[in-house]
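Examination of the molecular architecture
Residues per chain are reported as follows:
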Amino acid sequence: MTDPGPAERYARARESAALDRTHPITAAFAAAQRFTLDEFQLEGCRGLEEGRSVLVAAPTGAGKTIVGEFAVHLAMREPGDKAFYTTPIKALSNQKFRELQDVYGADEVGLLTGDTNINGSARIVVMTTEVLRNMLYADSPALRGLRYVVMDEVHYLADRFRGAVWEEIIIHLPPSVRLVSLSATVSNAEEFGDWLDTVRGDTEVIVSETRPVPLEQHVLVRGDLLPLFDDRAGIATAQVNQELMRIRSFKGPAFENNRRVQATNSARNAGYEASRRRPNRGGKRPVRSANVHRIERLDRPDVVELLARSNLLPAIFFIFSRAGCDAAVQQVRRAGVRLTSQDERAEIRAIVEERTRTLHDEDLAVLGYWEWLENLERGVASHHAGLLPAFKEVVEDLFQRKLVKVVFATETLALGINMPARTVVLEKLEKFNGEARVAITSGEYTQLTGRAGRRGIDVEGHAVVQWTEGLDPQAVAALASRRTYPLNSSFRPTYNMAVNLIDQFGRPRAREILESSFAQFQADRAVVGIARQVREQEESLAGYEKAMTCDRGDFTEYSAIRRDLSDIEKLNRTDANATRAARDKRQKEIASLRRRMQRHPCHSCPDREHHARWAERYWKLRRTIDKLRQQIETRTGTVARIFDRVVEVLTELDYVRIEDDATVLTPAGRTMRRIYGERDLLVAESLRRGLWKDLDPAALAALACCLVYEPRRDDGGPGERGLPRGPFRTAFTDTLDLWQRLDDLEREHRLPGSEPIAAGLAQAMHSWARGAMLDRVLDEADLAAGDFVRWSKQTIDLLDQLSIVAEGPLAATARKALDAVRRGIVAYSGV
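Before going into details, it helps to say that this report is about the structure given with it. Quick caveat, the model's predicted, so the values are computed rather than measured.

1. Observations regarding the overall build of the chain
- The secondary structure content of the chain amounts to 34 helices and 19 strands.
- Of all 831 residues assigned to the chain, the portion counted as buried reaches 50%.
- Sequence-distant contacts in the chain: of pairs separated by 6 or more residues, those separated by 24 or more amount to 75%.
- Here the chain has roughly 39600 Å² of accessible surface; of this, 48% comes from carbon and sulfur atoms.

Right, here's the structure in full:
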């Protein structure tokens with residue numbers, strides 16, 4: 001960091017003195033930090049000290065979590081006050097739990113993540129968002145004394161599967177709770193802030209576009225790192241490096257015969273070799289040019305060594321495929337690349353052995369532990385959802401300690417985990433979205449490159465895009481320059497949400513609450529804009545109507561007859577499949593309209609065609625206005641209409657009843673209050689009908705897995721022979737039949753329905769619950785260990801719910817099934 005001059009130091013001292021007087025708690029907290037807080041961080045802390053909620057939107061790595069930590073600090077100043085810190089993923093929760101424990105001690109900090117319950121009654125509790133939502137609906141005693149809720153990564157609200165949970169929490173938190181919403185830089189932060197202000201009261205919106213560490217953007221062409229932008233053009237113009245444009249326009253071998261170009265390239269390469277021999281003390285390298293007549297991609301080991309020579313490690317390579325990440329590690333290993341010293345290798349081995357000591361030796365062999373450890377000792381690792389959570393946590397820890405220098409990762413690493421690097425490399429600017437290869441968006445580019453540059457360590461971060469055939473430097477520059485990442489609500493009422501709202505507030509109040517969602521807020525905002533268009537266009541419509549005024553009669557009426565006549569004549573010409581009767585009927589209509597038109601007073605007007613031209617504009621605009629009005633009608637009350645359809649389904653199935661003009665829950669409805677997840681209705685109905693009462697623990701675990709498992713697109717299912725034998729098959733068939741009936745019912749009520757339950761993992765889960773060895777289970781599952789653990793933990797979550805809501809023996813079976821699944825690699829916890 002550059003040392004501030006005397007004037008800047010004086011200005012900071014004056015600001016600090018003013019802060020001491022007006023916001024003493026913020027000033028004392030800021031003074032205790034290891035680094036000077038940025039203005040946006042101070043703004044957020046001041047807002048909280050003044051008693052307001054805050055929304056802080058800032059780039060990845062900017063340090064917005066310091067505002068959340070200040071909220072925790074405020075809670076701990078007052079005896080009896082509590083703070084909840086929510087995150088979207090368990091890995092983030094575990095990380096924050098450890099950080100807060102380091103500050104406040106183990107006794108004051110708890111962790112609740114569905115499958116982990118540590119000190120849940122503490123004054124500071126870190127949890128996943130779903131846990132807090134469930135607490136709110138259950139009116140948990142743990143909510144007493146709650147003063148602050150931090151919602152980290154609140155832009156997850158746009159997630160189409162889980163986003164609704166964020167809105168439920170924001171709407172239902174008690175009014176006395178101050179909310180700290182931490183978001184990536186989104187282009188509609190002010191709109192989101194306006195909604196928060198509407199539903200939560202006084203909320204300050206703080207937006208920072210400034211990266212704490214400047215980002216240098218490069219394109220790697222062969223062995224040369226070229227700047228994406230031309231520095232000489234100045235930052236304001238952000239002009240693309242013209243040399244990149246020349247490389248793109250290079251078409252054929254004519255250049256190879258051009259001695260002047262070859263001589264220039266030789267000189268450039270000589271300069272590059274000389275620059276490699278010079279020490280790189282300041283972090284910046286001389287600008288190098290590309291050998292334009294041969295554009296070849298460097299192999300990954302060569303790219304790693306280039307970055308190492310250029311003092312650009314540690315680096316994260318984003319590769320949008322798990323297999324690609326693992327293959328990249330093998331490539332680097334085969335090339336003999338070693339990025340660590342002997343002391344670092346010894347430290348890596350000690351950390352790995354400590355963190356994996358609870359895993360069984362036979363499981364470690366199945367998981368490829370020894371090869372993974374050897375790669376780590378070389379300073380190289382992969383990071384993706386298929387990796388065992390224990391292994392992922394070790395990679396994250398070693399990378400943060402600067403022991404692992406290169407990580408090949410999928411984009412999931414960009415979501416919140418604290419793993420900043422000096423350099424981020426993007427091998428391609430497109431990814432497979434499950435259906436096709438699509439270009440990454442500017443929001444995704446910003447999120448990925450946001451990992452480059454470590455605050456307090458690096459003078460600058462570096463984003464490197466590798467040259468590929470067809471790469472357009474202008475398109476890369478547009479990705480790097482735009483900040484279009486809008487936050488759009490994915491909120492929709494569910495059956496569980498409906499019964500909980502009706503139970504707590506009654507149906508009329510429940511509708512009002514749902515109309516306060518961000519989804520409806522955005523729809524209503526759109527309606528305001530559309531209504532403005534309608535008003536403006538109605539003024540034009542009145543002008544057109546005036547222009548077509550005829551002194552002989554009502555030209556609007558006359559032009560309507562002409563339009564009807566024209567439409568029917570056109571239909572008669574184009575509809576070749578019409579029956580003779582239909583054609584005869586149309587001919588009579590045409591004759592009738594012609595007579596009406598000819599008898600109309602305006603038909604004889606000498607200015608008839610002049611009026612008709614204005615009439616044509618009038619009717620065209622009228623059609624546009626009618627469409628806009630239709631949009632207004634469909635958007636107004638959208639969420640409440642969906643809620644009404646959900647309640648209709650619940651009424652038909654007797655989860656709610658109408659008594660004395662009030663909607664009340666039946667016993668089945670009261671059971672559904674505690675069933676959470678995509679399959680809430682199917683689970684509740686299966687329990688009520690007793691479909692699973694004959695299952696043993698292993699079979700129930702397998703069936704629960706069928707309800708949570710989402711197969712890959714190419715997964716054709718196991719077929720009848722691949723299913724566990726015995727009562728499982730009957731229970732599965734009955735549950736699938738029930739799903740079909742419920743799906744039909746939902747579609748009858750104009751609800752979207754759901755995907756059928758999938759048995760692709762049933763046999764593997766059945767074997768695991770019966771104690772089978774890991775190698776056999778992973779072979780049956782045809783899944784990576786990390787995927788199997790993820791589905792197992794979701795299965796455990798459903799079994800836990802069943803153990804609470806099911807009656808009699810089934811509840812006991814669910815508890816036994818849960819214990820049978822939670823063993824070995826599934827039971828591992830990093831905290």
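2. Details of helix H28 (residues 697–708)
- The end-to-end C-alpha distance of H28 is 17 Å, a good match for the 16 Å that twelve residues give at a rise of 1.5 Å each.
- Of all the twelve residues making up H28, eleven are buried; the element is thus mostly covered by neighbouring parts of the structure.
- Of all the residues in H28, the buried ones are Ala698, Ala699, Leu700, Ala701, Ala702, Leu703, Ala704, Cys705, Cys706, Leu707 and Val708.
- Packing partners of the buried residues in H28 comprise helix H27 (680–689), helix H29 (727–748), helix H30 (762–769), helix H32 (785–805) and helix H33 (809–821).

3. Some details on a negative patch on the surface
- On the surface, Glu648, Glu652, Asp744 and Glu748 cluster together into a patch of negative charge.
- Listed by contribution, the elements that provide at least two residues to the negative patch are helix H25 (638–652) and H29.

4. Some remarks on the packing of aromatic side chains
- Inspection of every chain in the model, using the stated rule, returns 17 aromatic pairs.
- When the centroid spacing of 4.8 Å and the interplanar angle of 45° are considered together, the rings of Phe317 and Phe408 count as tilted. Of the two residues, Phe317 sits in strand E11 (residues 315–318) while Phe408 sits in strand E13 (residues 406–409), which places them 91 residues apart along the sequence. For the pair Phe317 and Phe408, one class covers both residues: buried.
- Over the ring of Trp614 we find Arg617; its NZ or CZ atom is 4.4 Å from the centre of that ring.
- If you follow Arg688 out to its NZ or CZ, it ends over the ring of Tyr655, 4.4 Å from the centre.

5. Points about the sheet that holds strand E1 (residues 53–57)
- Taken together, the eight strands give an open sheet; going across it, the order is E4-E3-E5-E2-E6-E7-E1-E8, and neighbouring strands pair in mixed fashion. In this open sheet, the two strands that pair with only one neighbour each are strand E4 (117–118) and strand E8 (203–207).
- Pairing between E1 and E8: five bridges, direction parallel. Looking across to E8, one finds that Val54 is bridged to Glu204.

6. Some thoughts on the nonpolar core
- Within the largest apolar cluster, 176 residues are counted, with the highest numbers of intra-cluster contacts made by Phe192, Leu376, Phe391, Trp692 and Ile825.
- Here this core gets eleven residues from one element, more than from any other, and that element is H28.
- Setting aside residues no more than four positions away along its own chain, Phe391 makes contact with Thr356, Leu359, Leu364, Leu367, Tyr369 and Trp372.
- Judged by nonpolar contacts, the second largest core, of 33 residues, contains Phe40, Cys45, Ala58 and Tyr148.

7. Some thoughts on the sheet that holds strand E9 (residues 215–221)
- Reading across the sheet, the seven strands line up as E10-E9-E17-E14-E11-E13-E12 and stay open at both edges, with mixed pairing between neighbours. This sheet does not close on itself; its edge strands, each paired only once, are strand E10 (224–227) and strand E12 (380–383). Strand-to-strand twist of the sheet, defined as the mean angle between neighbouring strand axes without regard to direction, takes the value 25°.
- Here E9 pairs with strand E17 (residues 461–466) via six bridges, running parallel. What sits directly across from Leu220, in E17, is Gln466.

8. Some words on the packing of helix H3 (residues 39–49) against helix H4 (residues 65–77)
- In the contact formed by H3 and H4, the axes pass within 9 Å of each other and the chain directions differ by 30°. Viewed along their axes, H3 and H4 adopt a mutual orientation that is roughly parallel. The handedness of the crossing between H3 and H4 is right-handed. On H4, the residues that touch Gln41, Gly44, Cys45, Leu48 and Glu49 of H3 are Ile66, Val67, Phe70, Ala71 and Leu74.
- Here the residues of the contact of H3 with H4 sort into seven nonpolar, two polar and one charged.

9. Structural notes on the pairing of strand E3 (residues 109–112)
- Of the two faces of E3, both are covered, the one formed by Val109 and Leu111 as well as the one formed by Gly110 and Leu112.
- Relative to E4, E3 runs antiparallel, the two being bridged by two bridges. The residue of E4 that forms the bridge with Leu112 is Asn117.
- Remark: four residues form the turn of the hairpin made by E3 and E4, two consecutive strands paired antiparallel; Gly114 in that turn has positive phi of roughly 90°.

10. Considerations on the pattern of salt bridges
- A complete count under the given rule lists 40 salt bridges for this structure.
- A salt bridge links Glu168 to Arg133; the nearest nitrogen and oxygen atoms lie 3.2 Å apart. Here Glu168, found in helix H7 (residues 163–172), pairs with Arg133, found in helix H6 (residues 129–138); they are 35 residues apart in sequence, far enough to count as distant.
- In this structure, the salt-bridge partner of Glu371 is Arg333, at a minimum N-O distance of 3.4 Å.

What counts as what
- Residues numbered from 1 in each chain as written.
- Predicted model: local features only at pLDDT ≥ 70, side-chain atom pairs only at ≥ 80, totals over all residues.
- Heavy atoms only, no water.
- Helix = DSSP H or I, 4+ residues; strand = E, 2+ residues; numbered from the N terminus.
- Buried < 20%, exposed > 50% of the residue type's maximum accessible area, 1.4 Å probe, protein only.
- Contact = heavy atoms within 4.5 Å.
- Areas by Shrake-Rupley, 256 points an atom, 1.4 Å probe, with all protein chains shown as cover.
- Expected span 1.5 Å × (residues − 1).
- Patch = residues over 30% accessible without salt bridge, like charges linked within 9 Å, V, L, I, M, F, W, Y side chains within 5 Å.
- Salt bridge = Lys/Arg side-chain N within 4 Å of Asp/Glu carboxyl O.
- Lys, Arg positive; Asp, Glu negative; His and termini not counted.
- Charge placed at Lys NZ, Arg CZ, Asp CG, Glu CD.
- Phe/Tyr/Trp six-rings, centres within 6.5 Å; stacked < 30°, edge-to-face > 60°.
- Lys NZ or Arg CZ within 6 Å of the ring centre and 35° of its normal.
- Pairing = 2+ DSSP bridges.
- Core = buried A, V, L, I, M, F, W, Y, C linked by side-chain atoms within 4.5 Å.
- Axes fitted to C-alpha atoms, helices over the stretch in contact; angles between N-to-C directions.
- Parallel < 35°, antiparallel > 145°, perpendicular 65-115°, else oblique.
- Left-handed = near helix turned anticlockwise from the far one by under 90°.
- Nonpolar A, V, L, I, M, F, W, Y, C, P; charged D, E, K, R; others polar.

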